[in-house]
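# Survey of secondary and tertiary structure
Residue strings, one per chain:
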Amino acid sequence: MRQLTGDQFLVKQINSSIVLDLIRTHSPISRAAVSVKSGLNKGTVSNLVNQLIENGLVEEMGQGESSGGRKPVMLSFNQRAGYAIGVDLRIDMVSAVLTDLQGSIVQQIESSLESIESELVCTVLSRMIHELIASAPKSHYGVVGIGVGVPGIVDDNGMVLFAPNLHWNNVNLGGRLREEFQIPVVIDNEANAGAQGEKAFGAGTDRDHLIYLSVSHGIGTGIVINKDIYKGASGYSGEAGHTTIEADGKQCSCGNYGCWELYASERALLEEARQSDTLKEAAKAYIPDGDDLRLEHLVQLAESGNEEARFILKNNGRFLGIGIANIINIFNPELIIIGNRIALAEAWIAGEIRETVARRALPYHKDKVQVEFSHLNMGATVIGAASLALTQFFDKMRVSVERST
Ligand SMILES: [Zn+2]
């Protein structure tokens with residue numbers, strides 16, 4: 001085996017990742033087309049493709065159209081060479097998926113949470129992950145990683161430092177899952193995972209600068225600048241829900257006063273709705289015995305023509321629009337994607353959000369920005385979490401493919 005120098009090794013590593021990415025995004029594609037698109041010579045492409053075939057990531061799939069001479073053998077990415085698990089941990093439920101290497105969902109399961117106590121939540125997560133691993137079809141790589149989106153601040157090792165709505169401090173979720181499953185684990189903030197999901201598979205695939213706004217019990221943002229998630233100096237960026245919009249406002253669980261999420265989140269919306277006796281009375285038609293009034297009920301009331309429900313939803317749209325205008329002025333994004341639970345109320349809040357943004361954002365800033373709702377709806381975080389695990393797998397794969405030459 002010829003020893004590669006550091007520079008040669010790096011060049012081959014980069015070339016291999018270029019070839020794999022081209023085959024992943026352009027299947028079916030011939031070796032000659034990979035050579036043209038990458039600018040690498042045919043011999044180099046051929047060697048790299050052979051390694052990828054040996055590693056199970058690329059398959060030959062019959063002959064394509066000829067442009068003269070011999071028909072070329074077409075290559076495709078083998079998305080079933082392995083699987084990833086994505087988990088969306090919420091405060092009242094856990095959603096989890098098994099995806100193939102292209103992020104397509106193979107299996108999806110959900111579990112409600114009786115308590116947010118960390119031991120119990122970890123037990124539920126662990127049971128669900130075991131179930132998904134057991135359901136994974138046989139494959140070359142098996143389950144290559146687990147990604148988890150968490151409503152809180154997470155460090156690089158997967159330690160959940162602070163999750164106010166779960167009442168968690170320093171829960172070593174990453175370490176625990178790594179030890180139990182012995183496969184790579186990535187834990188990130190749920191809004192970052194959602195932004196990753198939208199960027200990879202949703203409304204943001206062709207956008208370089210976007211903000212994903214996760215609105216449910218609280219509000220978080222995943223910030224994509226120049227195609228990458230911006231995580232800040234310590235990895236804690238995006239806590240837009242705790243920016244102040246009312247100087248002498250209500251006190252927040254974070255210790256500050258007048259935080260945006262106290263006025264614009266799903267929780268704020270429901271608190272207001274639950275204060276109205278007439279609304280609660282009208283909602284009885286939709287609520288099974290003993291249940292609290294939920295966002296779904298409020299949307300049903302609005303659809304049935306209830307003016308009070310419509311007013312409360314519209315007001316929520318106004319408060320969302322105020323914070324979104326702030327974000328637009330700071331980041332000058334191309335796209336704001338509103339996701340998570342509040343997307344259920346799109347029909348009743350979208351107009352007011354867009355009008356408020358039009359009234360409040362700076363003229364040059366609002367000129368190009370689009371405000372959209374998530375195409376992935378409830379799935380952005382869970383798919384994004386799987387995508388975090390996949391990204392880590394492909395990063396490692398590039399290195400190991402090269403090392404085996
Ligand atoms: Zn706060």
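Fair warning: this is a prediction, and the values are worked out from it, not measured in the lab.

Only His242 (ND1), Cys252 (SG), Cys254 (SG) and Cys259 (SG) from the protein reach the zinc ion as donors, at distances of 2.0 to 2.3 Å. Bound by four donor atoms, the zinc ion shows angles of 105 to 121° at the metal and therefore tetrahedral coordination geometry. One chain supplies every donor to the zinc ion, and in sequence these donors are spaced H-x9-C-x1-C-x4-C. Residue Cys259 is classed as buried on the basis of its relative accessible area, which comes to 0%.

Take unusual backbone geometry next. Here the amide bond leading from Ser27 into Pro28 is cis, since omega sits at -10°, within 30 degrees of zero. Secondary-structure assignment places Pro28 in the loop between helix H1 (6–26) and strand S1 (29–30). Phi at Gln182 takes a positive value of approximately 55°, unusual for a residue other than glycine. Structurally, the position occupied by Gln182 is in the loop between helix H5 (173–181) and strand S11 (185–189). Unlike most non-glycine residues, Asn340 shows phi in positive territory, near 75°. Here Asn340 shows up in the loop between strand S15 (335–339) and helix H12 (346–360).

The next thing to look at is the sheet that holds strand S14 (residues 228–229). The strand order across the open sheet formed by five strands is S14-S13-S12-S15-S16, and the pairing between neighbours is mixed. Of all the strands in the sheet, the pair left with one neighbour each is S14 and strand S16 (370–373). The pairing of strand S13 (residues 219–225) with S14 spans two bridges and is antiparallel. By the bridge assignment for S14, Ile225 is matched with Asp228. Contacts between helix H11 (residues 307–331) and the sheet are confined to strand S12 (210–215), S13 and S15, with S12 contributing the most and set at about 155° to the helix.

On to the packing of aromatic side chains, then. This structure, assessed with the given rule, holds four aromatic pairs. Residues Phe393 and Phe394 carry aromatic rings whose centres are separated by 5.3 Å and whose planes lie at 65° to one another, so their mutual orientation is edge-to-face. In terms of burial, Phe393 and Phe394 fall into one category: buried. The ring of Tyr263 is capped by Lys250, whose NZ or CZ atom sits 4.9 Å from the centre of that ring. Seen from the ring of Phe319, Arg318 lies directly overhead, with NZ or CZ sitting 5.1 Å from the centre.

With that out of the way, let us pick up the pattern of salt bridges. Oppositely charged side chains can form a pair if their charged atoms are brought close together. A full pass over the atoms with the stated rule returns 15 salt bridges. One salt bridge connects Glu60 with Arg31, and the closest N-O pair in it is separated by 2.8 Å. Of this pair, Glu60 sits in strand S2 (residues 58–63) while Arg31 sits in helix H2 (residues 31–38), and the two are 29 residues apart along the sequence. Its relative accessible area of 46% is what places Glu60 among the partly exposed residues. Ionic pairing is found between Asp100 and Arg80, a salt bridge with its closest N-O pair at 3.9 Å. Of this pair, Asp100 sits in strand S5 (residues 93–100) while Arg80 sits in the loop between strand S3 (73–77) and strand S4 (83–89), and the two are 20 residues apart along the sequence. Look at Asp100 and you get buried, because its relative accessible area is 0%. With a relative accessible area of 44%, Arg80 lands in the partly exposed category. Beyond isolated ion pairs, a larger network of salt bridges with shared partners links Glu266, Arg294, Glu296 and Arg341.

What counts as what
Residues numbered from 1 in each chain as written. Predicted model: local features only at pLDDT ≥ 70, side-chain atom pairs only at ≥ 80, totals over all residues. Heavy atoms only, no water. Donors = N, O, S within 2.8 Å, 3.2 Å for Na, K, Ca; no water. Tetrahedral: all angles 85-135°; square planar, octahedral: opposite > 155°, others 65-115°. Buried < 20%, exposed > 50% of the residue type's maximum accessible area, 1.4 Å probe, protein only. Helix = DSSP H or I, 4+ residues; strand = E, 2+ residues; numbered from the N terminus. Pairing = 2+ DSSP bridges. Contact = heavy atoms within 4.5 Å. Axes fitted to C-alpha atoms, helices over the stretch in contact; angles between N-to-C directions. Phe/Tyr/Trp six-rings, centres within 6.5 Å; stacked < 30°, edge-to-face > 60°. Lys NZ or Arg CZ within 6 Å of the ring centre and 35° of its normal. Salt bridge = Lys/Arg side-chain N within 4 Å of Asp/Glu carboxyl O.

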